[in-house]
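# Structural characterization, general
Chain by chain, the residues run as shown.
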Amino acid sequence: MNILDDFACLNTAAILAWLREEDPERLKSLWKAADSVRKANVGDEVHLRGLIEISSYCCRLCGYCGLRADNKGLERYRLSEDEIMTCARQAVDYGYGTVVMQAGEDYGITCEWLAAIIGRLKAETPLAVTLSLGERPDEDLVAWREAGANRYLLRFETSDADLYALIHPTHAGRLSDRIAMLRRLRELGYEPGSGVMVGIPGQTYANLARDLETFRALDLDMIGIGPYLSHPATPLGQGEWTREVTPEDQVPNSEMMTYKAVALTRLLCPQSNIPSTTALATINKARGRELGLMRGANIVMPNLTPPKYRALYEIYPAKACIDETAQECRACLHGRIASIGRTVGKGPGQRIGKG
Ligand code: 5AD
Ligand code: FES
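Read on for an overview of the structure. (Residues numbered from 1 in each chain as written. Chains lettered and ligands numbered in written order. Predicted model: local features only at pLDDT ≥ 70, side-chain atom pairs only at ≥ 80, totals over all residues. Heavy atoms only, no water.)

## Looking at the state of the cysteines
Throughout this description, disulfide means a covalent bond between two cysteine sulfur atoms. Using the criterion set out here, one finds zero disulfides in the structure. Looking at C9, it has no disulfide partner, and the nearest cysteine sulfur is the one in C269, 15 Å off. Overall, the relative accessible area of 6% leaves C269 in the buried class. (Disulfide = S-S within 2.5 Å. Buried < 20%, exposed > 50% of the residue type's maximum accessible area, 1.4 Å probe, protein only.)

## With respect to the pattern of salt bridges
Overall, the coordinates contain 23 salt bridges when judged by the stated rule. Notably, a salt bridge pairs E25 with K28, separated by 3.4 Å at the nearest N-O pair. Separated by three residues within a single helix, E25 and K28 lie in helix α2 (residues 24–42), roughly one turn from each other. Residue class for E25 comes out exposed when judged on its relative accessible area of 52%. A salt bridge links R60 to E105, with the shortest nitrogen-to-oxygen separation between them at 3.2 Å. Note that R60 is positioned in the loop between β1 (45–55) and α3 (81–93) and E105 in the loop between β2 (98–103) and α4 (111–124), a separation of 45 residues in sequence. The exposure class assigned to E105 is buried, which follows from its relative accessible area of 4%. The structure contains a network of salt bridges with shared partners spanning R60, E105, E135, E157 and R178. (Salt bridge = Lys/Arg side-chain N within 4 Å of Asp/Glu carboxyl O. Helix = DSSP H or I, 4+ residues; strand = E, 2+ residues; numbered from the N terminus.)

## A look at the site of ligand 1
Near ligand 1 the following residues occur: Y64, C65, Q102, R155, E157, M197, P227, Y228, L229, I315 and Y316. Between E157 and ligand 1, the recorded distance is 2.6 Å, taken from a side-chain N or O atom to an oxygen atom. Here a nitrogen atom of ligand 1 and a backbone polar atom of L229 are 2.7 Å apart. Within the complex, the protein chains bury 87% of what would otherwise be the 400 Å² of accessible surface of ligand 1. Taken together, the residues that form the shell around ligand 1 break down as eight nonpolar, one polar and two charged. (Near = heavy atom within 4 Å. Polar contact = N/O pair within 3.5 Å; in protein donor to acceptor, adjacent residues only side chain to side chain. Areas by Shrake-Rupley, 256 points an atom, 1.4 Å probe, with all protein chains shown as cover. Nonpolar A, V, L, I, M, F, W, Y, C, P; charged D, E, K, R; others polar.)

## Structural notes on the packing of helix α8 (residues 205–218) against helix α9 (residues 255–268)
Two elements in contact, α8 and α9, have axes separated by 9 Å at closest approach and are oriented at 35°. For the pair α8 and α9, the sense of crossing is right-handed. Here α8 contributes Y205, L208, L212, F215 and R216 to the contact with α9, which in turn contributes M257, A261, L264, T265 and L268. Its residues assigned to classes, the contact of α8 with α9 comprises eight nonpolar, one polar and one charged. (Axes fitted to C-alpha atoms, helices over the stretch in contact; angles between N-to-C directions. Left-handed = near helix turned anticlockwise from the far one by under 90°. Contact = heavy atoms within 4.5 Å.)

## A closer look at the nonpolar core
Generally speaking, nonpolar side chains in soluble globular proteins are found buried as a group. Core analysis: the biggest nonpolar cluster contains 97 residues, and I54, L131, W144 and Y152 have the highest contact counts within it. In this structure, V100, M222, I299 and M301 belong to the second largest nonpolar core, which totals six residues. (Core = buried A, V, L, I, M, F, W, Y, C linked by side-chain atoms within 4.5 Å.)

## Things to note about the environment of N273
Tracing the chain through its elements places N273 in the loop between α9 and α10 (278–283). Classification of N273 as buried rests on a relative accessible area of 3%. On a C-alpha basis, the gap between N273 and A297 in space is 7.3 Å, while along the polypeptide they are 24 residues apart.

## Considerations on α2
Helix length check: α2, at 19 residues, gives a terminal C-alpha distance of 26 Å against a target of 27 Å (1.5 Å per residue), a fit within 8%. For α2, the full list of buried residues reads L27, S29, L30, W31, A33, A34, V37, R38 and V42. Here the buried face of α2 lies against α1 (12–20), β1, α9 and α11 (288–294). Just downstream of α2 lies G43, where phi reads positive at about 80°. (Expected span 1.5 Å × (residues − 1).)

## Examining the pairing of strand β5 (residues 191–198)
Burial of β5 is extensive: eight of the eight residues sit out of reach of the surface. In β5, alternate side chains face the same way, and those of E191, G193, G195 and M197 on one face and P192, S194, V196 and V198 on the other are all buried. Pairing between strand β4 (residues 151–153) and β5: three bridges, direction parallel. Its bridge partner being in β5, L153 is matched across the sheet by G193. The sheet contact formed by β5 and strand β6 (residues 222–227) spans six bridges and is parallel. Across the sheet, residue G195 finds its bridge partner in β6, namely G224. Each parallel crossover has a hand, and the one from β5 via α8 to β6 is right-handed. (Pairing = 2+ DSSP bridges. Right-handed = clockwise from strand over helix to strand, strands pointing away.)

## Examining the environment of A40
Residue placement: A40 occurs in helix α2. Exposure remark for A40: the relative accessible area of 68% places this residue in the exposed category. Along the backbone, A40 and L16 are 24 residues apart, and their C-alpha atoms lie at a distance of 25 Å.

## Topic: the packing of aromatic side chains
Applying the stated criterion across every chain, the model contains five aromatic pairs. Considering the side-chain rings of Y77 and Y309, the 4.6 Å spacing of their centres and the 20° angle between planes classify their relative orientation as stacked. In this pair, Y77 is assigned in the loop between β1 and α3 and Y309 in helix α12 (residues 307–310), connecting sequence segments 232 residues apart. Given the relative accessible area of 4%, Y77 is considered buried. Note on Y309: relative accessible area 13%, which makes it buried. On the basis of an interplanar angle of 65° and a centroid distance of 5.7 Å, the ring pair of Y94 and Y96 is categorised as edge-to-face. With respect to burial, Y94 and Y96 carry one shared label: buried. Here R78 stacks its cationic end above the ring of Y57, 4.5 Å away from the centre of that ring. (Phe/Tyr/Trp six-rings, centres within 6.5 Å; stacked < 30°, edge-to-face > 60°. Lys NZ or Arg CZ within 6 Å of the ring centre and 35° of its normal.)

Everything listed here is a matter of coordinates, which is why it stays silent on function.
Next comes the structure, spelled out in structure tokens:
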């Protein structure tokens, strides 16, 4: 029997069963299926997307994130236009096709300032430009798209509305509807990306199964999945803002559960770009990146942030790559990709079958 027959009908019950699967032989068959679907749909190339963490300021209070506005223990920074352009030129030199500009939700990043930088990036480099700047107002998204931005990443974190509301306080009375924002981004001509954390306190298996089905329904360009990692300077890290779920229902924030979610996502969204995330590399520094790439992922995001700022972008503690230079991350990832018999992708890494 073809190995993929087992996965032909991934309905909710089958997804749930795989998430709870513990038999090593069965799991091997899951990794194998995800790897072959990855190869058939997005090939052996691993695309590198250079990550520039342009600001650690944030006005939001997400219950899990170290950049939350209330974390007064963190020194904040914002890159200058020159610093961003230097990182971008480095991306070109290193052969990266894309830069991802990520920050907290920082209104010190004004619409006009960033639009001018996007314009320069598009005029002066061949890079695809991805933004990951939180829930910005519609006019900002419109202006940045007009300036030339290609993609926007906004994780919905969990598809369970109650859990979402529990860990994401509203800002300035605005309703937060990330799914609606992802649809709007597509309408504006962005390639939308999203993702979730695995093992958020209060997240059930049924919640996670629904997250994966939501990926399928949204038809996303990029899907980032990483383990939830506890940060002591956050409410969740201090055991607050939690809801009662039974221990049998609670999803563990484990490495293994993350691989299961990545592999199932590949089966459900064969053509999406799936990164092997930094959070995964953080819980298994030796082999996390490689195992992610061998179990469905096809993207990595080497860090281009100037070293003096790296440790300040502390979403969670002990983040991988905080002591490395951009050059070291590049060499490290090239080595890891080669070690598993894959090649480094060239160009912007557009989705197959999409413009
Ligand atoms: N653990 C793991 N991932 C986190 N993120 C934020 N805080 C944490 C944490 N404590 C993830 C979120 C966010 C992305 C940029 O980082 O999913 O969307
Ligand atoms: Fe940064 Fe390996 S990717 S050190």
